[in-house]
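Observations on the model geometry
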Amino acid sequence: MIALDGKTELDAEQYGTRAYRLAKMATLGLPVPQGVVLSAAVVIKIAETGEVPRMPEGLLDGLLSLRASPLNPEWGGPTAILNIGISDKTLPDVGTEAAYLLYRRFIQSYATNVAGLEPEDFDADIPDGEERIARCKAAYRFEADEEFPQDPRAQLKACILHMARAWNRPSARILRQAKGAPEDAGVALIVQRMALGIGRGCTGAGVAQTVDEKSGTPRLWGRYLPQSQGQDALIGAREALGVETLPAAVQDGLLAAGETLARGFGDAFQVEFTVQDGRLWLLDAFPARRSSVAALRINIDLAEAGIISKSDAILRTEPQTLGDHLHPQIAADATRDILATGLSASPGAATGRVVFSPEAAMTMAAQGQAAILVRVETGADDIRGIHAAAGVLTLRGGMTSHAAVIARGLGVPCIVGAGELRLDDGWLLCPDGRRLEAGAQITVDGTSGQVLAGTAEMTQPNLGGPFNTLMAWADEVRELQVRANADTPSDARLARRFGVDGIGLCRTEHMFFAAERVQVMREMILAPDAGARREALDRLLPMQKADFVELFEIMHGLPVTIRLLDPPLHEFMPVDEAGIAALAQAMGMSVVQVRRRAEELSEVNPMLGKRGVRIGITMPEIYEMQVRAIFEAAAHVFAITGEAVVPEIMIPLVSANREVELIKARIEAVGADVGGKVAYKLGVMVETPRAALRAGDLAESSAFLSFGTNDLTQMTYGLSRDDAGRFMREYVQQGVFAEDPFHSLDVEGVGELLLIAAQRGRAANPDLVLGMCGEHGGDPASVRFCKVAGFDYVSCSPYRVPIARLAAAQASLLQAVGAASN
């Protein structure tokens, strides 16, 4: 494969990707038919002047093909023309019927592409032979008002001129520009000797690759169609055979070609091939088809074979695709009966029966049946239902809504913001008019955001060799620590399984939602004074301590950041009649009194009201109990193991350093009461813009700042994360936001606040540790930002830890490359 000037190394910019590949394949010694390439500049000149350069001697001694070679195959191009050069006097020696079939195909292709005639003018319900050729030539003479050309050089010139001018037609230019091509994009043309694919012996065409597209394991597979050309095997003209039906020598040739391509191009390839009387020819090669699971296996195998480096394998693997290894997924070829689409809040897929309450989900789970919990939106009372459900579907909410955050932490497939659906009196109403009642079977695909009717074929997760190998390689190069948001011992165990560097956020409020605890919590909330509150808190203390003991034991020396109580207290109160009645009975109060107290707790905007540090300052006994539980748990673990535990205590929703000083004084007092000076680290969860701007002040009293980017984004934008899903899709589509700011960190706005805080905080305290503990901690782009910004760690849901580990490794590698280039 050479250029007109004799060059054998072809540049893709001038000659297109197809010509570049074919030329390299030829230099690798692969069986590529002889050919010549007209550069994009030459093609432009042909279109302008109508003059076609002379082809090398000997090229026209056989039949030819003409194919386009743009820089990007997605830009398209003129249809390939095969069998150029055939005529009444140049029928190939492949048998009479086969020769006339090739001739007829060329007449049809030339007539429809070059002469612009209608395809049906050349249809004939008779076998290929001399009579059919005569009819085709007569039809051409009648429609084109000239004889079908018999001179091979004239045929080739007309085909080249047609392709050159077709590329530059206004309609073609508009179409490729819509696919991202620049206005001046050119196309090269490949003139190549034909491997006919039609004739005597084992002859035909097909496609093959040497890796399994689903798993990535080595395997020769593909499709082969005897007596065919080009992509006949793919378009379904006849039923194709598997490549395993080919002779052993041809199969061996395909396997050898796969190995050569992998070593020459550094990737697994699929080949388009032709077999002519038992001889293998390669017409093109493309990166092999692969699922995300297969892609990982291919990258690891290539690196272990020394074909690419470990760094290449890390950089080639898309972090988000690791979710396919962690959760069940709908099979790629499964039928999808789509009911509605929402936001893909937690990846993976699950099939189950529709339930409309957390109690129903728990009942189904107890019976061993999978349930899909469907709610308008979820709240604190739904947590146990989410735990029990196989999947969650909410009609409202965004990427950081309650359902999204809880489901991601649990690894439960979840779709939020499915606003096309409606709940009406025990029915789920779909936009196409279908009505689903409780017990109806549906499937939620949290990876795509699609809600499907009925069941779907699933692929199961695989955390085997290639996955573990990639994670080990990533850990060798990453510098940014990855911690987990883990609220319970079961979360912590899962986090350790995924290779975390510690717990970056333990939301202590989630420890109180178990049935035996939430009742005591409610009694504490309803207590008339501080003394009564302390009595209830004394009952919660051993429960909280036991959880912390288990967390410290599970993490075994790794850092554990414990956030003190954050949410407004009304979130713990029951909302259903049965719950209110049970609480009233336990408290010796009337239902009316309980309702009145709940109303007193309610706020117009509770997320900006009495929550976080404001609870700790106005109701100090709550934080005092939690700190005591932390210190006693640390002392207990030290007494058993002899290893010191240094808990990290984080104060939520801080806006002023005085808040930190007040809480710190109470922590010190509890520490002294527990047994002298207790080793711990105190930090602040930066969730308000003011906290970010006053980070220098906060750093004077803090060992670390951890940015809670869920709330920080919400407050920076003045945007409710629970309601953003109602319009976020339209905002992204219309370019208001490049991406949902709750999904990927807003670098320009929220990111600038983080940079300001980092700079001011470390100016005041050079040893200040910086972390991110919002859901952005599992977003690859946000992880890269944290690396560049000089953060020490990110923290995310356990199931997103592998994603963050890989993204952190990529950030380190890319930063090193950037530094080396400078």
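To start, this report covers the structure provided alongside it.

The next thing to look at is empty space enclosed by the protein. In total, this model carries four cavities of 30 Å³ or more according to the counting rule given. If you go around the largest cavity, the residues you meet are Ser-65, Arg-67, Leu-82, Gln-192, Arg-193, Met-194, Ala-195, Leu-196, Gln-229, Gly-230, Thr-274 and Leu-283. Of all the secondary structure elements, the ones that give two or more residues to the lining of the largest cavity are β3 (64-70) and β5 (187-193). Taken as a whole, the second largest cavity holds about 50 Å³ of empty space. For the second largest cavity, the full set of lining residues is Leu-564, Gly-616, Pro-620, Tyr-623, Glu-624, Val-627, Ile-663, Arg-666, Ile-667 and Val-670. Listed by contribution, the elements that provide at least two residues to the lining of the second largest cavity are α22 (620-641) and α23 (657-675).

Let's shift gears to the packing of aromatic side chains. Taken as a whole and assessed by the stated rule, the structure comprises 15 aromatic pairs. Taking the centre distance of 6.5 Å and the plane angle of 65 degrees together, the rings of Phe-512 and Phe-572 count as edge-to-face. Here the residue Phe-512 occupies a position in the loop between β25 (503-507) and α17 (515-526), and Phe-572 occupies one in the loop between β26 (560-563) and α19 (577-587), the gap between them amounting to 60 residues. Neither residue differs from the other here; Phe-512 and Phe-572 are each classed as buried. Here the basic side chain of Arg-176 rests over the ring of Trp-167, its NZ or CZ set 3.9 Å away from the ring centre. Across from the ring centre of Tyr-793, 3.9 Å away, lies the NZ or CZ of Arg-483, which sits over that ring.

A few words now on the sheet that holds β3. Read from one edge to the other, the open sheet built from five strands follows the order β1-β2-β5-β3-β4, with strand pairing classed as mixed. Each edge of the open sheet carries a strand with a single partner, namely β1 (2-3) and β4 (81-84). Here β3 pairs with β5 via seven bridges, running antiparallel. Following the sheet pairing, Ser-65 is matched in β5 by Gln-192. Along the sheet face, helix α1 (residues 12-27) touches β1, β2 (35-38), β3 and β5 and points at about 125 degrees away from the line of β3. Lying over the sheet, helix α5 (residues 152-167) contacts β2, β3, β4 and β5, oriented at roughly 20 degrees with respect to β3.

What follows is about the packing of helix α16 (residues 489-497) against helix α18 (residues 530-555). Direction vectors running N to C along α16 and α18 enclose 10 degrees, while the axes themselves pass 9 Å from each other. Taken together, α16 and α18 sit at an angle that is classed as roughly parallel. In contact with Pro-489, Ala-492, Arg-493 and Arg-496 of α16, α18 contributes Asp-547, Glu-550, Leu-551, Ile-554 and Met-555.

Turning our attention to unusual backbone geometry. Backbone geometry places Gln-227, a non-glycine residue, at a positive phi of 50 degrees. Within the fold, Gln-227 resides in the loop between β7 (218-226) and α7 (232-235). Residue class for Gln-227 comes out partly exposed when judged on its relative accessible area of 29%. The backbone of Leu-653 sits at a positive phi, close to 60 degrees, despite the residue not being glycine.

A word on the sheet that holds strand β12 (residues 338-341). Across the sheet, eight strands lie side by side as β12-β22-β21-β14-β15-β16-β17-β13; this open sheet has mixed pairing. Only two strands of the sheet have a single partner each, and these edge strands are β12 and β13 (343-346). Between one strand and the next, the sheet's axes are offset by a mean angle of 30 degrees, whatever the strand orientation. Two strands pair when backbone bridges link them, and β12 and strand β22 (residues 450-453) are joined in this way by three bridges, in the antiparallel orientation. When the bridges of β22 are listed, Thr-341 appears paired with Gln-450. Each of β13, β16 (391-394) and β17 (414-416) touches helix α14 (residues 402-410); the most contacted strand, β17, lies at about 165 degrees to it.

Residues Phe-704 and Ser-706 line one face of strand β29 (residues 704-707) and the alternating positions Leu-705 and Phe-707 line the opposite face, and both faces are buried. One ladder, built from four bridges, connects strand β28 (residues 681-686) with β29; its direction is parallel. Bridge pairing links Val-686 to Phe-707 in β29. Sheet analysis places β29 next to strand β30 (residues 769-772), joined by four bridges and oriented parallel. Pairing of Ser-706 across the sheet is with Gly-771, part of β30.

Within the fold, Phe-286 resides in strand β10 (residues 279-287). Considering only alpha carbons, one finds Phe-286 and Pro-567, 281 residues apart in sequence, at a separation of 54 Å. Not counting residues up to four positions away in its chain, the partners in contact with Phe-286 are Arg-21, Ala-268, Phe-269, Gln-270 and Glu-272.

The next point concerns the pattern of salt bridges. Inspection of the entire model under this criterion finds 47 salt bridges. Between Arg-597 and Glu-600 there is a salt bridge whose closest N-O contact spans 3.3 Å. Within this pair, Arg-597 and its partner Glu-600 are both found in helix α20 (residues 591-601), separated by three residues, close to a single helical turn. Arg-597 sits in the partly exposed class, given a relative accessible area of 21%. Across the salt bridge formed by Glu-775 and Arg-800, the nearest N and O atoms sit 3.5 Å from each other.

Secondary-structure assignment places Asp-547 in helix α18. The exposure class of Asp-547 is buried, given its relative accessible area of 8%. Dropping the residues within four chain positions of it, Asp-547 is found in contact with Pro-489, Met-511 and Arg-517.

Cut-offs used in this document
Residues numbered from 1 in each chain as written. Predicted model: local features only at pLDDT ≥ 70, side-chain atom pairs only at ≥ 80, totals over all residues. Heavy atoms only, no water. 1 Å grid on protein atoms, 1.4 Å probe; cavity = no way out; pocket = protein on both sides within 12 Å on 5 of 7 lines; lining within 4 Å. Points joined across faces, edges and corners; volume = space filled by probe spheres on them. Helix = DSSP H or I, 4+ residues; strand = E, 2+ residues; numbered from the N terminus. Phe/Tyr/Trp six-rings, centres within 6.5 Å; stacked < 30°, edge-to-face > 60°. Buried < 20%, exposed > 50% of the residue type's maximum accessible area, 1.4 Å probe, protein only. Lys NZ or Arg CZ within 6 Å of the ring centre and 35° of its normal. Pairing = 2+ DSSP bridges. Contact = heavy atoms within 4.5 Å. Axes fitted to C-alpha atoms, helices over the stretch in contact; angles between N-to-C directions. Parallel < 35°, antiparallel > 145°, perpendicular 65-115°, else oblique. Salt bridge = Lys/Arg side-chain N within 4 Å of Asp/Glu carboxyl O.

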